[in-house]
Amino acid sequence: MKRCLVWKWILLIIFEVVNLSMQIEYQFELEDESIYTNCSNVQPGTLNINGLFDMTHLSTIMKPEGIELSGNMTSVFNAQPSDRIEVTGNLFYFDRGTWQPTTLNMAIKDFCKVMYDEKQLWYKEWAARVTNKDVIKDNCIKEHGTVFLMETYTIKLRFGSSMPLVSGRYTLRIRVFAIDQSGKKRPNDVCYEVKGTFFKI
Ligand SMILES: *[C@@H]1O[C@H](CO)[C@@H](O)[C@H](O)[C@H]1NC(C)=O
Ligand SMILES: *[C@@H]1O[C@H](CO)[C@@H](O)[C@H](O)[C@H]1NC(C)=O
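Source: prediction; values computed, not measured.

1. A few points about unusual backbone geometry
Here comes step 1: We note that Cys140 has phi near 50 degrees; this positive angle belongs to a residue other than glycine.
Here comes step 2: Residue position: Cys140 is located in the loop between helix H3 (133-136) and strand S8 (147-155).
Here comes step 3: Backbone geometry at Asn188 places phi at a positive 65 degrees, although glycine is not the residue there.
Here comes step 4: Counting through the fold element by element, Asn188 comes out in the loop between strand S10 (168-179) and strand S11 (190-200).
Here comes step 5: Look at Asn188 and you get partly exposed, because its relative accessible area is 32%.

2. So, the packing of aromatic side chains
Here comes step 1: What the rule picks out here adds up to nine aromatic pairs.
Here comes step 2: Judged by centre distance (6.2 Å) and plane angle (55 degrees), the ring pair of Phe53 and Trp126 falls under tilted. Remark: Trp126 occurs in the loop between helix H2 (111-114) and H3 and Phe53 occurs in strand S3 (residues 53-54); sequence separation between them is 73 residues. Side by side, Phe53 and Trp126 carry an identical accessibility label, which is buried.
Here comes step 3: For the ring pair Phe53 and Phe148, a centre distance of 5.4 Å and an interplane angle of 80 degrees mean the geometry is edge-to-face. Of this pair, Phe53 sits in strand S3 while Phe148 sits in strand S8, and the two are 95 residues apart along the sequence.
Here comes step 4: Using a relative accessible area of 5% as the deciding quantity, one classes Phe53 as buried.
Here comes step 5: Residue Phe148 is classed as buried on the basis of its relative accessible area, which comes to 0%.

3. Here's the deal with the state of the cysteines
Here comes step 1: Tallied over the entire structure, the rule returns two disulfides.
Here comes step 2: The side chain of Cys39 participates in a disulfide bridge whose partner is Cys191; the two sulfur atoms lie 2.0 Å from each other. When the S-S torsion is -85 degrees, as for the bridge of Cys39 with Cys191, the disulfide is left-handed. In this pair, Cys39 sits in the loop between strand S2 (36-38) and S3 while Cys191 sits in strand S11, placing the two residues 152 residues apart along the sequence. The burial state of Cys39 is the same as that of Cys191; both residues are buried.
Here comes step 3: Shown here is the disulfide that connects Cys112 with Cys140, its sulfur atoms set 2.0 Å apart. Handedness here is read from the sign of the S-S torsion; for Cys112 and Cys140, about -85 degrees, the answer is left-handed. In this pair, Cys112 is assigned in helix H2 and Cys140 in the loop between H3 and S8, connecting sequence segments 28 residues apart.
Here comes step 4: When its relative accessible area of 2% is taken as the criterion, Cys140 is described as buried.

4. Some words on the pattern of salt bridges
Two side chains that carry opposite charge are able to pair once their charged atoms sit near each other.
Here comes step 1: All told, the structure shown has twelve salt bridges when counted by the stated rule.
Here comes step 2: Between Arg169 and Glu31 there is a salt bridge, with its nearest N and O atoms 2.8 Å apart. With Arg169 in strand S10 and Glu31 in the loop between strand S1 (24-30) and S2, the pair connects residues that are 138 residues apart, well separated along the chain.
Here comes step 3: A relative accessible area of 38% means that Glu31 is categorised as partly exposed.
Here comes step 4: Residues Arg84 and Glu86 are paired through a salt bridge, measuring 3.0 Å at the closest nitrogen-oxygen approach.
Here comes step 5: Since its relative accessible area comes to 32%, Arg84 is described here as partly exposed.
Here comes step 6: Given a relative accessible area of 10%, Glu86 falls into the buried group.

5. Considerations on the nonpolar core
Here comes step 1: Ranked by internal contacts, the top residues of the largest apolar core, which has 46 residues, are Ile141 and Phe148.
Here comes step 2: Other than its neighbours up to four places away in sequence, Ile141 contacts Leu52, Phe53, Ser75, Phe77, Ile85, Phe111, Cys112, Met115, Phe148 and Val176.

6. Observations concerning the site of ligand 2
Here comes step 1: In the vicinity of ligand 2, the residues found are His57, Asn72, Val147 and Leu149.
Here comes step 2: One nitrogen or oxygen atom from the side chain of Asn72 is found 2.3 Å from an oxygen atom belonging to ligand 2.
Here comes step 3: Expressed as a share of its isolated accessible area of 360 Å², the protein-covered part of ligand 2 is 36%.
Here comes step 4: Class assignment for the residues of the shell around ligand 2 results in two nonpolar, two polar and no charged.

Here is what the cut-offs are and how they apply
Residues numbered from 1 in each chain as written. Chains lettered and ligands numbered in written order. Predicted model: local features only at pLDDT ≥ 70, side-chain atom pairs only at ≥ 80, totals over all residues. Heavy atoms only, no water. Helix = DSSP H or I, 4+ residues; strand = E, 2+ residues; numbered from the N terminus. Buried < 20%, exposed > 50% of the residue type's maximum accessible area, 1.4 Å probe, protein only. Phe/Tyr/Trp six-rings, centres within 6.5 Å; stacked < 30°, edge-to-face > 60°. Disulfide = S-S within 2.5 Å. Salt bridge = Lys/Arg side-chain N within 4 Å of Asp/Glu carboxyl O. Core = buried A, V, L, I, M, F, W, Y, C linked by side-chain atoms within 4.5 Å. Contact = heavy atoms within 4.5 Å. Near = heavy atom within 4 Å. Polar contact = N/O pair within 3.5 Å; in protein donor to acceptor, adjacent residues only side chain to side chain. Areas by Shrake-Rupley, 256 points an atom, 1.4 Å probe, with all protein chains shown as cover. Nonpolar A, V, L, I, M, F, W, Y, C, P; charged D, E, K, R; others polar.

Spelled out as structure tokens, the structure:
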């Protein structure tokens, strides 16, 4: 029952009919100011978020109104400009001490085509905040050394839904792969998780 409701909820988002004026508004409150955590049980060779970006100059600070992000980050992903970037997302729900898979899984076959697409989930609270995007957008995350200059902003992950959503602790597991022109996955793919709590506002 619980999963079914969540599934319906995510479908709303995936099919881009999110509408903040709908009845119920939810907020995803990040658990940790560092935002990104390691995946558990990854295969040897899989890297964490640091395999995607050098975050040395990125600052994330917990403030009373949320996590404030500022600075810049540099692409360090093991990819070539001719590669296709594939991204998958899997949502897990924390239930009685264990992470339970949900049916909420998404696969983005060609991430670079939609990285700065306004309709994507990550646009408002990430891609739109890249202040030099006009200059670097063609690089996507495939050009080693590309610097993403970030606006200083407080992350507010809000979603509207007419479906009731189970409040609680969730983790979103993101995996990023570079696929070369022959269709082979490159080594040093990336896996990281973003943990937080959904609650009704
Ligand atoms: C995350 O993984 C990295 C690389 O394997 C490791 O150095 C680091 O200690 C891990 N962090 C935590 C909190 O386990
Ligand atoms: C990135 O941030 C660091 C630290 O704030 C700064 O010194 C550096 O100039 C920034 N890089 C660019 C390209 O703006």
